[in-house]
Amino acid sequence: MRSSKETSNEAINLLKKLISIQSYSGEEEQTAILIFDYLTEHGFSTLRKQNNVWARAGQVDPKKPTVLLNSHHDTVKTSSKWSFNPFTPTEKDGKLFGLGSNDAGGPLVSLLHVFIELSKLEQSYNLVFLASAEEETSGKQGVPIVLEELGKIDLGVVGEPTSMDMAIAERGLVVLDCVAHGESGHAARSEGENAIYKAMNDIEWFRNFDFEKKSEVLGKINMTVTQIEAGSQHNVVPDECKFVVDVRPNEHYSNKKVVELIQKHVDCDVNPRSLNLNASGISIDHPIVQKGIELKIRTYGSQTMSDQVHMPFPCIKMGPGDTRRSHTADEFIYLKEIEEGIEVYIQLLNGLEL
């Protein structure tokens with residue numbers, strides 16, 4: 001096996017090529033072509049569906065479990081706040097600047113090259129690498145459309161910028177469109193029933209209610225009212241007040257159960273936009289978590305979502321880079337983070353027994 005320095009140099013060169021190509025979520029065709037060709041040039045029988053690209057390490061042994069290495073190659077859209085050209089990879093002070101360098105280009109190229117290196121060694125598991133699309137928008141043409149093609153997966157390693165800490169649980173998401181109903185009237189005579197006041201009672205409930213089951217790693221369920229809309233003019237009592245609630249469940253509740261409990265406690269209409277983005281977690285006793293602990297990798301619960309939300313099998317989330325740099329102007333990753341990330345990934349995965 002080559003040194004992590006040699007491997008990281010190749011990974012950084014690939015990352016620079018990826019940064020140079022605009023790959024907004026839903027518009028990743030050119031980076032999909034680049035990744036497809038790169039894997040093919042390294043001798044893999046590469047497959048593609050829409051803008052998702054994957055390959056397997058050698059022949060599949062049905063008697064072995066299968067490990068999936070995954071990260072995404074789409075990015076959020078750039079802003080006008082950049083000091084650098086976001087599509088020109090720029091090295092400065094040990095950093096590589098560029099859109100998607102941190103989220104999730106660094107984790108992506110690190111896992112891809114870990115996949116290449118591990119494919120040269122005999123493992124007790126089958127190994128597959130997937131570069132997925134539309135992660136930033138939780139799009140329908142990303143991971144969900146390739147799961148059936150991948151077959152049975154026993155463990156997922158999702159590459160996101162976590163400073164190489166290991167996320168063993170991840171919050172879900174439910175966005176609620178709520179409507180409080182009243183009765184219109186003239187404001188001067190205090191007629192009608194003010195829908196804003198009715199909404200305020202429910203909003204206060206969202207602010208203060210605690211669900212019974214708290215997570216050891218994620219804590220309680222978070223509910224935040226983020227938008228509100230009501231009224232047509234100053235002298236008309238509004239008969240309708242709309243508001244939006246951002247709900248982040250922990251792994252003890254399905255999104256469906258969360259919505260059912262909310263609907264029992266509030267008077268307003270509650271309509272979830274989707275129930276698909278559920279929280280997830282992996283047992284602390286799982287072999288990869290235990291090996292991570294032996295390697296002194298910090299475990300934690302992630303407050304943000306990733307493609308893990310689509311994966312109905314045990315997963316961890318970890319990768320080089322820092323989540324606080326994601327979606328920011330002048331996004332960057334330290335070059336040393338990629339080298340160190342590759343080294344830790346290999347220590348964790350090489351010889352892993354499931």
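From a predicted model like this one, the values you see are computed outputs, not experimental measurements.

Take the overall build of the protein next. Scanning the protein from N- to C-terminus turns up eight helices and 18 strands. Counting only C-alpha atoms and orienting by the principal axes, one finds that the protein spans roughly 80 × 45 × 35 Å. Within the protein, the fraction of its 354 residues that count as buried is 52%. Of the roughly 16,500 Å² that the protein leaves accessible, carbon and sulfur atoms contribute 46%. On the protein, the mean spot of the 36 positive side-chain charges and the mean spot of the 51 negative ones are 2 Å from each other.

Quick look at the sheet that holds strand 13 (residues 240-248) now. With antiparallel pairing, the four strands of this open sheet are ordered in space as 11-13-9-14. Strands at the two margins of the open sheet, each flanked by one partner only, are strand 11 (222-230) and strand 14 (269-272). Each strand of the sheet is rotated relative to its neighbour by a mean of 25 degrees, with strand direction disregarded. Relative to strand 14, strand 9 (residues 174-181) runs antiparallel, the two being bridged by four bridges. Bridge pairing links Asp-177 to Asn-271 in strand 14. Across the sheet, helix 5 (residues 195-208) lies against strand 9, strand 11 and strand 13, angled at about 10 degrees from strand 13, the strand it touches most. In this fold helix 6 (residues 255-265) packs onto strand 9, strand 11, strand 13 and strand 14, with an angle of close to 20 degrees to the strand it touches most, strand 9.

Considering soluble globular proteins, one finds that nonpolar side chains tend to be buried as a cluster. Counting residues in each nonpolar core, the largest one holds 49 residues, and the members touching the most others are Leu-69 and Ile-288. Looking at this core, the element that brings in the most residues is helix 3 (residues 101-118), giving eight residues. Here Ile-288 is in contact with Leu-155, Val-157, Met-166, Ile-282, Ile-316, Leu-348, Leu-349 and Leu-352, once residues within four sequence places are set aside. Listed in part, the 24 residues of the second largest apolar core include Ala-195, Leu-261, Ile-262 and Val-266.

Conventions and cut-offs
- Residues numbered from 1 in each chain as written.
- Predicted model: local features only at pLDDT ≥ 70, side-chain atom pairs only at ≥ 80, totals over all residues.
- Heavy atoms only, no water.
- Helix = DSSP H or I, 4+ residues; strand = E, 2+ residues; numbered from the N terminus.
- Buried < 20%, exposed > 50% of the residue type's maximum accessible area, 1.4 Å probe, protein only.
- Areas by Shrake-Rupley, 256 points an atom, 1.4 Å probe, with all protein chains shown as cover.
- Lys, Arg positive; Asp, Glu negative; His and termini not counted.
- Charge placed at Lys NZ, Arg CZ, Asp CG, Glu CD.
- Pairing = 2+ DSSP bridges.
- Axes fitted to C-alpha atoms, helices over the stretch in contact; angles between N-to-C directions.
- Contact = heavy atoms within 4.5 Å.
- Core = buried A, V, L, I, M, F, W, Y, C linked by side-chain atoms within 4.5 Å.

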